[in-house]
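Structural features, examined
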Amino acid sequence: MSTAITFSEYGAPDVLTVSEVEPPQPGPGQVRIRVRATAVNSIDVRLRAGKMQGFFPVEFPVVPGWDVAGVVDAVGEGATASIGDEVFGVASVGGYSQYALLDQPVEKPEGLSFETAAAMVTVGEAAYRALRHLGVKEGRTLLIHGAGGSVGSIAVQLAVVRGVTVVGTVAEQDIERVTGLGALAVLYGEGWVEQVMAAADEVDLVFDACGAGVLPDSVALVGDAGKVITIADPSAQQHGVRFTGMDPADRFPQALPLLADLIVAGKLDVPIWRAYPLAEAARAHADIEANRNQGKVVLLP
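Residues numbered from 1 in each chain as written. Predicted model: local features only at pLDDT ≥ 70, side-chain atom pairs only at ≥ 80, totals over all residues. Heavy atoms only, no water.

1. Here's the deal with the overall build of the protein
- Summing up its helical and strand segments, the protein has 8 helices and 15 strands in all.
- Against the compact-globule benchmark of 19 Å for 301 residues, the protein has a radius of gyration of 19 Å, which places it among compact chains.
- Its C-alpha atoms give the protein principal-axis dimensions of about 60 × 40 × 35 Å.
- The proportion of buried residues among the 301 residues of the protein is 50%. (Helix = DSSP H or I, 4+ residues; strand = E, 2+ residues; numbered from the N terminus. Rg over C-alpha atoms; globule rule 2.2 N^0.38 Å. Buried < 20%, exposed > 50% of the residue type's maximum accessible area, 1.4 Å probe, protein only.)

Okay, structure coming up:
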């Protein structure tokens, strides 16, 4: 038996329970890892609260969590990693556990910690994918809504590395941090359009990472809905804007080794706000729901 966090009903963070479960067995092409770190994402929180029932039907009890890093301890036939390899990626069986299964393990570079490897999986892939879909190139000006968030701050760094001028809408407490990443930071909320226009001569592309109802004005700002993309606003279709992330076929897992190399090279920072023991998963969820975290939260089995 192994230890995992489960929930058997939707509800507040306290529905998360420390449980004993059978370790999952790897099938063809899969590896099982002894989890060293697992990231807590906002989608985990929404799933536990019952806000994702229309998108992710579940069968109780649920072991939540997708983003993991650890050491391979069992392999299925045809697996691409070997026992003892340090890997990270998206778990096919719940990540809030001592053991998890991976369909596509990614080799973890020696200079990348387990905590950072797990923390960057979902947010890093989302940022990379959005910029890829937009065709962001050197010399362009990109507006990022929610530039102070986990996805937004990675998108800022990836764009700046490419020679892109970045304007980011942020909360007041994030202005200094996002400016330090190389963006022109402006306050979100009323008057953001005027602030953006004052900060940059023009805006070529828009990435909405916050879902705060900014799509109509964003489309008007660039004059073309095809130059706007969102990962957070379900009303996207009403405005002719592309929503990316719900379809697994739309994702770009090939970004993970590229992101890992950037982190090791010191060109990308994924700040970890706090690491909790696995048994304190409920506390981690409560922190995220209350917006107390300034960076990623990870669990350590």
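That shown, we press on.
2. Concerning the sheet that holds strand β9 (residues 165–170)
- If you walk across this open sheet you meet the 6 strands as β10-β9-β8-β11-β12-β13, and the pairing is parallel. Looking at which strands have only one partner, the edges of the open sheet turn out to be β10 (184–187) and β13 (242–243).
- Of the strand pairs in this sheet, β9 and β10 are connected by 4 bridges, and their pairing is parallel. Its bridge partner lying in β10, glycine 168 is registered against alanine 185.
- Strands in contact with helix α3 (residues 150–161) are β8 (141–145), β9 and β11 (205–208); relative to β8, the strand with the most contacts, it is inclined by about 170°.
- Along the sheet face, helix α5 (residues 192–199) touches β8, β9 and β10 and points at about 160° away from the line of β10. (Pairing = 2+ DSSP bridges. Contact = heavy atoms within 4.5 Å. Axes fitted to C-alpha atoms, helices over the stretch in contact; angles between N-to-C directions.)

3. Focus on the pairing of β8
- Judged by how many residues are buried, β8 sits mostly within the fold: 5 of 5 residues are covered.
- With burial as the criterion, each face of β8 is covered, one bearing Thr141, Leu143 and His145 and the other bearing Leu142 and Ile144.
- As paired strands, β8 and β9 are joined by 5 bridges and run parallel to one another. Of the residues in β9, the one forming a bridge with threonine 141 is threonine 165.
- Across 4 bridges, the pairing between β8 and β11 is parallel. Its bridge partner lying in β11, leucine 143 is registered against valine 206.

4. Overview of the pattern of salt bridges
- What the rule picks out here adds up to 9 salt bridges.
- Of the charged contacts in the structure, one is a salt bridge between glutamate 289 and arginine 48, with a shortest N-O distance of 2.6 Å. With a gap of 241 residues between them, glutamate 289 in helix α8 (residues 281–289) and arginine 48 in helix α1 (residues 42–48) connect regions that are remote in the sequence.
- Take glutamate 289: its relative accessible area is 38%, and that puts it in the partly exposed class.
- For arginine 48, a relative accessible area of 1% translates into the label buried.
- Residue aspartate 204 pairs with arginine 140 through a salt bridge whose shortest N-O separation is 3.6 Å. Highlighted residues: aspartate 204 in the loop between α5 and β11 and arginine 140 in the loop between α2 (114–134) and β8, separated in sequence by 64 residues. (Salt bridge = Lys/Arg side-chain N within 4 Å of Asp/Glu carboxyl O.)

5. Regarding the nonpolar core
- Grouped together as the largest cluster of nonpolar side chains are 46 residues, with contacts concentrated most on Phe88, Met120, Leu131, Leu142, Ile144, Phe207 and Leu259.
- At the level of elements, β3 (31–40), α2, β8, α3, β9, β11 and α7 (255–264) are the ones that each hand at least two residues to this core.
- In terms of residue count, α2 provides more of this core than any other element does, 13 residues in total.
- Among the nonpolar cores identified, the runner-up in size contains 18 residues, and Ile5, Phe7, Tyr96 and Val297 belong to it. (Core = buried A, V, L, I, M, F, W, Y, C linked by side-chain atoms within 4.5 Å.)

6. A short note on α2
- The first and last C-alpha atoms of α2 sit 30 Å apart over 21 residues, in line with the 30 Å expected at 1.5 Å per residue.
- Extensive coverage of α2 is indicated by the burial of 17 of its 21 residues. (Expected span 1.5 Å × (residues − 1).)

7. Looking at the environment of aspartate 217
- When you line up the elements, aspartate 217 lands in helix α6 (residues 215–222).
- Spatially, the C-alpha atom of aspartate 217 lies 40 Å from that of leucine 112, the residues being 105 residues apart in sequence.
- Leave out the neighbours within four places in its chain, and aspartate 217 touches Trp192 and Val193.

8. Side note on the environment of valine 161
- On the secondary structure map, valine 161 appears in helix α3.
- Each C-alpha atom of the pair valine 161 and methionine 120 lies 17 Å from the other, and the pair is 41 residues apart in sequence.

9. Remarks on unusual backbone geometry
- Omega for the peptide link from phenylalanine 60 to proline 61 comes to -5°, which places this bond in the cis form.
- Relative to the assigned elements, proline 61 resides in the loop between α1 and β4 (67–75).
- Residue asparagine 291 is not a glycine yet carries a positive backbone phi of 55°.
- Mapped onto the fold, asparagine 291 is located in the loop between α8 and β15 (296–300).
- The class of asparagine 291 is exposed, set by a relative accessible area of 62%.

10. As for α8
- Among all positions in α8, only Ala281, Ala284, His285, Asp287 and Ile288 are buried. One side of α8 holds all its buried residues, which, seen down the axis, span an arc of 160°.
- Where α8 is buried, its residues touch β1 (2–6), β3, α1, β14 (272–277) and β15. (Arc of directions from axis to C-beta.)

By themselves, these are just geometric observations and shouldn't be taken as functional.
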